[in-house]
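# Examination of the molecular architecture
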Amino acid sequence: MGVEAHRELLESIDVDVDRHAKMMAAGFEGYKNQFMSQENRPEGMKYFDWLMSEMQGERIAEINELRKAKKPAVGTFCIFVPEEIVTGAGGACYGLCGGSPATIADAETELPRNICPLIKSAHGFKLQRTCAYTQSADFIYGETTCEAKKKSWEILSKHHPVHVMNIPHMKREKDLRMWKEEIGDFKKHIEEVTGKPLSLEEMKEGTRIINEKREALLRLDALRGMHPEIMPISGKDALFVIQMGFLDDPVRYTKKVNELCDELEQRVKDKMSVFKEDTPRLMILGTPFAIPNWKLHNAVENTGGAVINEESCIGHRYFKDNVDLEGVSDEDTFLERLMERYSKIDCACFTPNTPRTDKIVQMYKDRQADGVIYYTLSFCHTYNVEAHLVTEALEKEGIPCLVIESDYSPEDAGQIKTRVEAFLESISFKKKAAAFKNK
Ligand code: BJ8
């Protein structure tokens, strides 16, 4: 395992190595049982298996080499971070640990119990010093998306430098102007970290790298979800690949995702599916799945369903739009294009957020899915409230939907499994009835 081989480095960045090694060993064991035991996995998953074992070892060593060369390391919990700028500066922009229940008790010494588990888990990782990514970050990127996050930055900043970007909650012209300025301030902050100016060409190069990464993920999304008869990769594996995209070096990652997609394309041609014919195909909507939050995917795929897409920030919301670099020849236009791209993100923190509902219905039709699960983390008010409007629109379209609210504890896994099982049964019944009617 990577952790022991990098003990000296991890100690130098103040990681609690023994506790961290235990958590990683347990996490890898869980991964082996839940992922590596799947049958008929694509060969291309071997790289991602390796990454799982090295994500807190080799990858951390790489990030710290960059830091030695005065390149920025930026940790985040949100896809509003303008990662093109960090990548353009030659640095690493990555997602921080925030998907485990093991750190929540520590977080609750500083944060209230009744806030979202993602925030508490992430905060706890910092207090425990058990996330090597957090410990490697020059600063943590914070944003003003939801109330709990917005206020918890003030407490987190007692323990680690935080740069907060003001994300508006509406998308009027004056809001978008402010947003563009905020991106400009973020760029200045990166220059403060590196101690040198960042050129337009560097930022454009960073943008090309990230655009290519998103294109590779869109390709994966189409291959797993757009062929109703053949699903060449499990939803769990596809989710894991997407999760790794928030940690890995973007150039290497893009190459590996494209190699995996080449293999999946061949599988589609060969009609090689990892699921039986007539397996109900579900889309999952809602809040992000931080590693190792695999509870819902396990519930679906261990009870006879397939997850064909995540309408989530660890999913389609992250890679659906690219930055248009056409004709960009000055910094002002560049910042404008970044703002245009980022303001297309349909997070529930916005009001109104109707494009999200329209997109969900369209995605469902394009993929010929059989149903959706609307998933929210407990105490995430924005996604929880928005569920009403989304489910109403789904009902109008006759789309079967199950709403699940959960946290990171394993306690409700059995109950979720039972509800998912009943949902899948009702979908299968409807499918059979429709087939019979057509005969
Ligand atoms: S762009 S979804 S990653 S804010 S932390 S809002 S779950 S209560 S993560 Fe998010 Fe950015 Fe939006 Fe996406 Fe709810 Fe929890 Fe808040 Fe959360």
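Refer to the preceding data block for the structure.
What this report covers is the structure whose coordinates are included nearby.

Geometry of an aromatic ring pair is reported as the spacing of the ring centres plus the angle between the planes. Scanning the entire structure with this criterion turns up 19 aromatic pairs. Consider the rings of Tyr94 and Tyr133, whose centres lie 5.1 Å apart with planes at 65°: the pair is edge-to-face. Note that Tyr94 is positioned in strand β2 (residues 92–95) and Tyr133 in helix α9 (residues 132–136), a separation of 39 residues in sequence. With respect to burial, Tyr94 and Tyr133 carry one shared label: buried.

Spatial strand order, β6-β5-β7-β8: four strands in an open sheet with parallel pairing. Of all the strands in the sheet, just β6 (306–311) and β8 (401–406) have a single pairing partner and so form its edges. When strand polarity is set aside, the average angle formed by the axes of neighbouring strands in this sheet is 25°. Relative to strand β7 (residues 371–377), strand β5 (residues 281–286) is paired through five bridges, and the arrangement is parallel. Each residue of the ladder has a partner; that of Leu285, found in β7, is Tyr374.

Applying the stated criterion across every chain, the model contains 47 salt bridges. Lys120 is paired through a salt bridge with Glu108; the nearest N and O atoms lie 2.8 Å apart. Of this pair, Lys120 sits in helix α8 (residues 117–128) while Glu108 sits in the loop between α7 (104–107) and α8, and the two are twelve residues apart along the sequence. Lys120 sits in the buried class, given a relative accessible area of 5%.

Another aspect to go through is the site of the ligand. For the ligand, the set of nearby residues contains 16 residues, the closest of which are Cys78, Cys146, Cys313, Cys347 and Cys380. Of the residues assigned to the shell around the ligand, the class counts are 13 nonpolar, two polar and one charged.

What follows is about the sheet that holds β2. In space, the four strands of this open sheet follow the order β2-β1-β3-β4, with parallel pairing throughout. Because the sheet does not close on itself, it has two edges, and the strands there are β2 and β4 (162–165). Each adjacent strand pair in this sheet contributes to an overall mean axis angle of 30°, direction not counted. As paired elements, strand β3 (residues 139–143) and β4 share four bridges and run parallel to each other. Residue pairing for β4: Ile140 is matched across the bridge by Val162. Relative to β3, helix α10 (residues 147–156) is tilted by about 155°, and along the sheet it contacts β3 and β4. Lying over the sheet, helix α11 (residues 173–194) contacts β1 (73–76), β3 and β4, oriented at roughly 160° with respect to β4.

Let us look at the pairing of β7. With seven of seven residues buried, β7 is to be regarded as a mostly interior element. Of the two faces of β7, the one holding Gly371, Ile373, Tyr375 and Leu377 and the one holding Val372, Tyr374 and Thr376 are both buried throughout. Two strands pair when backbone bridges link them, and β7 and β8 are joined in this way by six bridges, in the parallel orientation. Across the sheet, Tyr374 pairs through a bridge with Val403, a residue of β8. Considered for its hand, the β-α-β crossover made up of β7, helix α19 (residues 381–396) and β8 is right-handed.

What follows covers the pairing of β3. Burial runs high along β3: five of the five residues are buried. Of the two faces of β3, the one lined by Phe139, Tyr141 and Glu143 and the one lined by Ile140 and Gly142 are each fully buried. As defined by bridge partners, β1 adjoins β3 across three bridges and the pair is classed as parallel. The residue bridging Thr76 from the neighbouring strand is Tyr141, located in β3.

This part covers the packing of helix α3 (residues 17–36) against helix α4 (residues 45–54). The N-to-C vectors of α3 and α4 enclose an angle of 160°; their axes lie 10 Å apart at closest approach. When the axes of α3 and α4 are compared, the pair comes out roughly antiparallel. Here α3 and α4 pass one another in a crossing that is right-handed. For the pair α3 and α4, contact is made by Met24, Gly27, Phe28, Tyr31 and Met36 and by Met45, Phe48, Asp49, Met52 and Ser53, respectively. For the contact of α3 with α4, the residue count by class is seven nonpolar, two polar and one charged.

Looking at the secondary structure, you find Thr254 in helix α14 (residues 250–269). On the accessibility criterion, Thr254 (8% relative accessible area) is buried. Among the polar contacts made by the side chain of Thr254, one reaches the main-chain carbonyl oxygen of Pro250 at a distance of 2.7 Å. Thr254 has contacts with Glu212, Lys213 and Ala216, leaving out every residue within four places of it along the chain.

This brings us to the nonpolar core. Counting residues in hydrophobic clusters, the biggest one holds 139 residues, and the most contacted among them are Phe48, Phe80, Trp179, Ile373 and Val420. In terms of residues, this core owes the most to one element, helix α12 (residues 200–225), which gives eight residues. Once you skip the residues sitting within four places of it in the chain, Ile373 turns out to touch Leu282, Met283, Ile284, Leu285, Leu296, Val300, Leu402, Ile404, Val420 and Phe423.

Taken N-terminus to C-terminus, the directions of α4 and α14 make an angle of 140°; their axes are 9 Å apart at the nearest point. Touching Met45, Tyr47 and Phe48 of α4 are Arg252, Tyr253, Lys256, Val257 and Leu260, all from α14. Of the residues that constitute the contact of α4 with α14, the class distribution is six nonpolar, no polar and two charged.

We now examine the environment of Leu10. Here Leu10 shows up in helix α2 (residues 7–12). A relative accessible area of 0% means that Leu10 is categorised as buried. In this structure the C-alpha to C-alpha distance between Leu10 and Gly57, which are 47 residues apart in sequence, comes to 8.5 Å. Among residues more than four places away in sequence, those in contact with Leu10 are Val3, Val15, Val17, His20, Gln56, Ile60 and Ala132.

Thresholds, definitions, all that
- Residues numbered from 1 in each chain as written.
- Predicted model: local features only at pLDDT ≥ 70, side-chain atom pairs only at ≥ 80, totals over all residues.
- Heavy atoms only, no water.
- Phe/Tyr/Trp six-rings, centres within 6.5 Å; stacked < 30°, edge-to-face > 60°.
- Helix = DSSP H or I, 4+ residues; strand = E, 2+ residues; numbered from the N terminus.
- Buried < 20%, exposed > 50% of the residue type's maximum accessible area, 1.4 Å probe, protein only.
- Pairing = 2+ DSSP bridges.
- Axes fitted to C-alpha atoms, helices over the stretch in contact; angles between N-to-C directions.
- Salt bridge = Lys/Arg side-chain N within 4 Å of Asp/Glu carboxyl O.
- Near = heavy atom within 4 Å.
- Nonpolar A, V, L, I, M, F, W, Y, C, P; charged D, E, K, R; others polar.
- Contact = heavy atoms within 4.5 Å.
- Right-handed = clockwise from strand over helix to strand, strands pointing away.
- Parallel < 35°, antiparallel > 145°, perpendicular 65-115°, else oblique.
- Left-handed = near helix turned anticlockwise from the far one by under 90°.
- Polar contact = N/O pair within 3.5 Å; in protein donor to acceptor, adjacent residues only side chain to side chain.
- Core = buried A, V, L, I, M, F, W, Y, C linked by side-chain atoms within 4.5 Å.

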